[in-house]
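Here are the chains, one letter per residue:
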Amino acid sequence: MRHKLRHAALVAISVIMLAPFYWVLKTAVTSENIYEYPPHLLPVRPQLFNFVDVWYLIPFPRYLFNSVIVSLIAVAGNLVLNAMAGYALTLPFIGRRSVIILLLSCTLIPFQATIIPAYLITAHFGLLDSYLGLALPLLSTIVCIFIFKASFDAVPRSLIDAARIDGLGELRILLRVMLPLSTPAIATNVVLSFIWSWNNFLWPLIITRSPDMQTLPLGLARFLSYMEDTTGALYAFVVMVLAPGLLVFLMAQSAFMRGLTTGATKG
Amino acid sequence: MTWGRILISRFFIVPIVLLVAIAGWNVYVELHAHGLLQGRVVDAAGHPVPNATVILSVHDFVTQVEKARTRTDRAGRFRFDDNNSHLIQLEAQSGTASSPRVTVRLWFRGQDRTIAEPLRLPPSA
């Protein structure tokens, strides 16, 4: 009985949390205003033409292409750099503890506080208004470094020692031993870096200069300035922006959960 | 991970299904996007109206611009060959009478479409 009650409570909470998403989806497939009163729980005369409007009325394919390229660069950078950094932090070296404390302290600094130095560094490298420049601040993230570190810490030392005795160097140990045993951490890195990059608004807003380099969140802001009353198209755009991130999350969901909890029960 | 396991994993199947769907849709669009738009103009009694002017306007964010005009044949039929929009309005005129503007929404730019419901001129036509 208690189990059923708990289940019912969880279902009720899920319904409450999913209600805004349902409302966005419902508005996207109708021509209703989101504030229409009295509200209709079910879509009235549903149709998909709002998605067609979004595709053609703004350069949606261009924004989509830019977002995909930037997210792929960010995901690749996260996998390579975070795996190397996470593995380095599992090895003994002088000042390791200080480096870990320094990295953890840096997570307290909001990105907005570092945006001017980040801009100046990107400009110095000549990467303003480029895909690499758009992905640069997300090429490595501290949270993801520690996800890899926790996963690598859970690998038995004897396995690494055996690999060393067999003559493998550190990079090959990382590639051949650590990463194949850390697929949940890889999935978590992919999901988090993809979603952070996909939803990033402030950084692309600052460093893009040409409309051709804008990403989907910037396109959404631009679309908002055009479409104040045609809410159906606006929310169709929202759904089109949300869908890829949701798809990536759903595909890697189970590994993502395992990746976040790896190391929690070490010992 | 073996190739067999990779091929049946959702990380392979989902992108492949999406790519196949996108490719299929693009092939369909390519075969059906000649910009051909046809329909009929009738009077209040339902009789075909020959030599009526049909105006095709294209919708933008806030504007509506006339793009083309054509005339109906003896059977009241009209045809546009070069529509390149997905959101258009059609209006028929004959003498001083005009039909209500009909909005036509297409699934892609230049979709070939025969409009089932005729443009209907008011009784004074």
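Turning our eyes to something else, we now look at the overall build of chain A. The secondary structure content of chain A amounts to 14 helices and 0 strands. The helix and strand sequence of chain A, counted from the amino end, reads α-α-α-α-α-α-α-α-α-α-α-α-α-α. Along the three orthogonal principal directions, the C-alpha set of chain A runs to about 70 × 65 × 30 Å. Here chain A holds 267 residues, and the buried ones make up 30% of them. Long-range contacts, defined as pairs at least 24 residues apart, comprise 78% of the intrachain contacts of chain A with a sequence gap of at least 6.

Here we come to the nonpolar core. Residues and elements named next belong to chain A. Counting residues in each nonpolar core, the largest one holds 31 residues, and the members touching the most others are Phe148, Val190 and Val191. Counting residues per element, the ones that place at least two in this core are α3 (60–88), α6 (131–135), α7 (142–153), α9 (170–178), α10 (183–199) and α11 (202–207). Ranked by residues supplied to this core, first place goes to α10 with 8 residues. In contact with Val190, not counting residues within four places along its chain, are Val75 and Ala252.

Residue and element names in this part refer to chain B. Here 7 bridges tie strand β2 (residues 53–59) to strand β3 (residues 64–71), and the two strands are oriented antiparallel to one another. Opposite Ser57, over in β3, you have Glu66 as the bridge partner. With 6 bridges joining them, β2 and strand β5 (residues 87–94) adopt antiparallel strand pairing. By the bridge assignment, Val58 is partnered in β5 with Ile88.

Moving on to the interface of chain A and chain B. Taken together, the contact between chain A and chain B spans 7 residues of the former and 9 residues of the latter. No other element matches helix α2 (residues 49–57) of chain A, which puts 5 residues into the side of chain A that touches chain B. Split into classes, the residues belonging to the side of chain A that touches chain B amount to 6 nonpolar, no polar and 1 charged.

Our next topic: the environment of A:Pro39. Residues and elements named next belong to chain A. Its place among the elements puts Pro39 in the loop between α1 (2–28) and α2. The exposure class assigned to Pro39 is exposed, which follows from the 11 C-beta atoms found within 10 Å. In sequence terms Pro39 and Ser151 are 112 residues apart; their C-alpha atoms lie 48 Å from each other.

This next bit is on the domain arrangement of chain B. As assigned here, chain B comprises domain 1 (1–32) and domain 2 (36–120). For domain 1 of chain B versus domain 2 of chain B, the separation of C-alpha centres amounts to 39 Å.

All names here are of chain B. Within strand β1 (residues 37–42), 5 of the 6 residues are buried, leaving the element largely enclosed by the surrounding structure. Two strands pair when backbone bridges link them, and β1 and strand β4 (residues 77–80) are joined in this way by 4 bridges, in the antiparallel orientation. By the bridge assignment, Gly39 is partnered in β4 with Phe78. As defined by bridge partners, β1 adjoins strand β8 (residues 113–114) across 2 bridges and the pair is classed as parallel.

In this section: helix α5 (residues 115–124) of chain A. An α-helix turns once per 3.6 residues; consequently, residues spaced three or four apart project the same way. Burial analysis of α5(A) places just 1 of its 10 residues in the buried class, which makes it a mostly uncovered element. Backbone geometry just downstream of α5(A) places A:Gly126 in the positive-phi region, at approximately 70 degrees.

Let's shift gears to the packing of helix α12 (residues 216–226) of chain A against helix α13 (residues 231–251) of chain A. In helix packing, the relevant descriptors are the interaxial angle and the interaxial distance, both defined with respect to the helix axes. All names here are of chain A. The interhelical angle for the contact between α12 and α13, taken along N-to-C directions, is 175 degrees, at an axis separation of 10 Å. When the axis of α12 is compared with that of α13, the two are roughly antiparallel. Counted together, Leu216, Leu220, Phe223 and Leu224 of α12 and Leu234, Phe237 and Val241 of α13 form the full contact between these two elements. A class-by-class count of the residues in the contact of α12 with α13 yields 7 nonpolar, no polar and no charged.

Each value, and the rule that gives it
- Residues numbered from 1 in each chain as written.
- Chains lettered and ligands numbered in written order.
- Predicted model: local features only at pLDDT ≥ 70, side-chain atom pairs only at ≥ 80, totals over all residues.
- Helix = DSSP H or I, 4+ residues; strand = E, 2+ residues; numbered from the N terminus.
- Buried ≥ 20, exposed ≤ 12 C-beta atoms within 10 Å, placed from the backbone.
- Contact = placed C-beta atoms within 7 Å.
- Core = buried A, V, L, I, M, F, W, Y, C linked by C-beta atoms within 7 Å.
- Pairing = 2+ DSSP bridges.
- Nonpolar A, V, L, I, M, F, W, Y, C, P; charged D, E, K, R; others polar.
- Domains from an automatic or database assignment.
- Axes fitted to C-alpha atoms, helices over the stretch in contact; angles between N-to-C directions.
- Parallel < 35°, antiparallel > 145°, perpendicular 65-115°, else oblique.

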